[in-house]
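Listed below, chain by chain, are the residues.
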Amino acid sequence: MILAREEVVAALLGLMVELRGMEPRFLAEGESVTDALGRDRIIVLIDCDHADCTAETIELIRKRGGEPILFSPFRMQTEVTRLASLYRTRSFTLPTDPDTLAQLLTS
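Residues numbered from 1 in each chain as written. Predicted model: local features only at pLDDT ≥ 70, side-chain atom pairs only at ≥ 80, totals over all residues. Heavy atoms only, no water.

(A) Looking closely at the sheet that holds strand β3 (residues 67–72). If you trace the four strands from one edge of the open sheet to the other, you get β1-β2-β3-β4, paired in parallel fashion. Of all strands in the sheet, those with a lone pairing partner are β1 (2–3) and β4 (90–93), marking the two edges. Contacts between helix α3 (residues 55–63) and the sheet are confined to β2 (43–47) and β3, with β3 contributing the most and set at about 145° to the helix. (Pairing = 2+ DSSP bridges. Helix = DSSP H or I, 4+ residues; strand = E, 2+ residues; numbered from the N terminus. Contact = heavy atoms within 4.5 Å. Axes fitted to C-alpha atoms, helices over the stretch in contact; angles between N-to-C directions.)

See the structure below:
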């Protein structure tokens, strides 16, 4: 699942996910993160600046068997890495190449 603050960023990441042979997921209109996590175990790419990027959401993702991965199209790598360390998650910044993203999604 992709939670991005900007729709264009979500679309770009969705395309990169599709290029790796995977199916990107996004929140449906009016759907909450909690509802979306009920589908199955998923990797959740969360924009550090998205409203749902909170300790509570990250813990909920883990409790539901998912894996949160933080990203940012605007912050510096050091900021994202520091936040990811705080939440004990992996992270990346944009722009990134498809191979780097694939490694995060499959490892």
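(B) The pairing of β2, seen in detail. For β2, a buried count of five out of five residues is recorded, marking the element as mostly surrounded by other parts of the structure. Going residue by residue along β2, you find Ile43, Leu45 and Asp47 tucked away on one face and Val44 and Ile46 tucked away on the opposite face as well. The pairing of β1 with β2 spans two bridges and is parallel. Along β2, the bridge assignment pairs leucine 3 with isoleucine 46. Pairing analysis gives five bridges linking β2 to β3, with the strands arranged parallel. Considered in β3, the bridge of aspartate 47 is made with phenylalanine 71. Since β2 and β3 lie parallel, the crossover through α3 that links them has a hand, and here it is right-handed. (Buried < 20%, exposed > 50% of the residue type's maximum accessible area, 1.4 Å probe, protein only. Right-handed = clockwise from strand over helix to strand, strands pointing away.)

(C) Spotlight on the environment of glutamate 6. By the element assignment, glutamate 6 lies in the loop between β1 and α1 (7–19). In this structure the C-alpha to C-alpha distance between glutamate 6 and serine 107, which are 101 residues apart in sequence, comes to 26 Å.

(D) Region of interest: the pattern of salt bridges. Taken as a whole and judged by the stated rule, the model has four salt bridges. Arginine 90 is the salt-bridge partner of glutamate 67, the closest N and O atoms lying 2.6 Å from each other. Taken together, the positions of glutamate 67 in strand β3 and arginine 90 in strand β4 put the pair 23 residues apart, joining distant regions of the chain. Among the residues examined, glutamate 67 registers a relative accessible area of 18% and is labelled buried. A relative accessible area of 26% places arginine 90 in the partly exposed class. (Salt bridge = Lys/Arg side-chain N within 4 Å of Asp/Glu carboxyl O.)

(E) Inspection of the packing of α1 against helix α5 (residues 98–106) at higher detail. At a minimum axis distance of 10 Å, the contact between α1 and α5 shows a crossing angle of 75°. Taken together, the axes of α1 and α5 lie roughly perpendicular to each other. Side by side, α1 and α5 meet where Leu13, Met16 and Val17 of the first sit next to Pro98, Leu101 and Leu105 of the second. Along the lines of polarity and charge, the residues of the contact of α1 with α5 split into six nonpolar, no polar and no charged. (Parallel < 35°, antiparallel > 145°, perpendicular 65-115°, else oblique. Nonpolar A, V, L, I, M, F, W, Y, C, P; charged D, E, K, R; others polar.)

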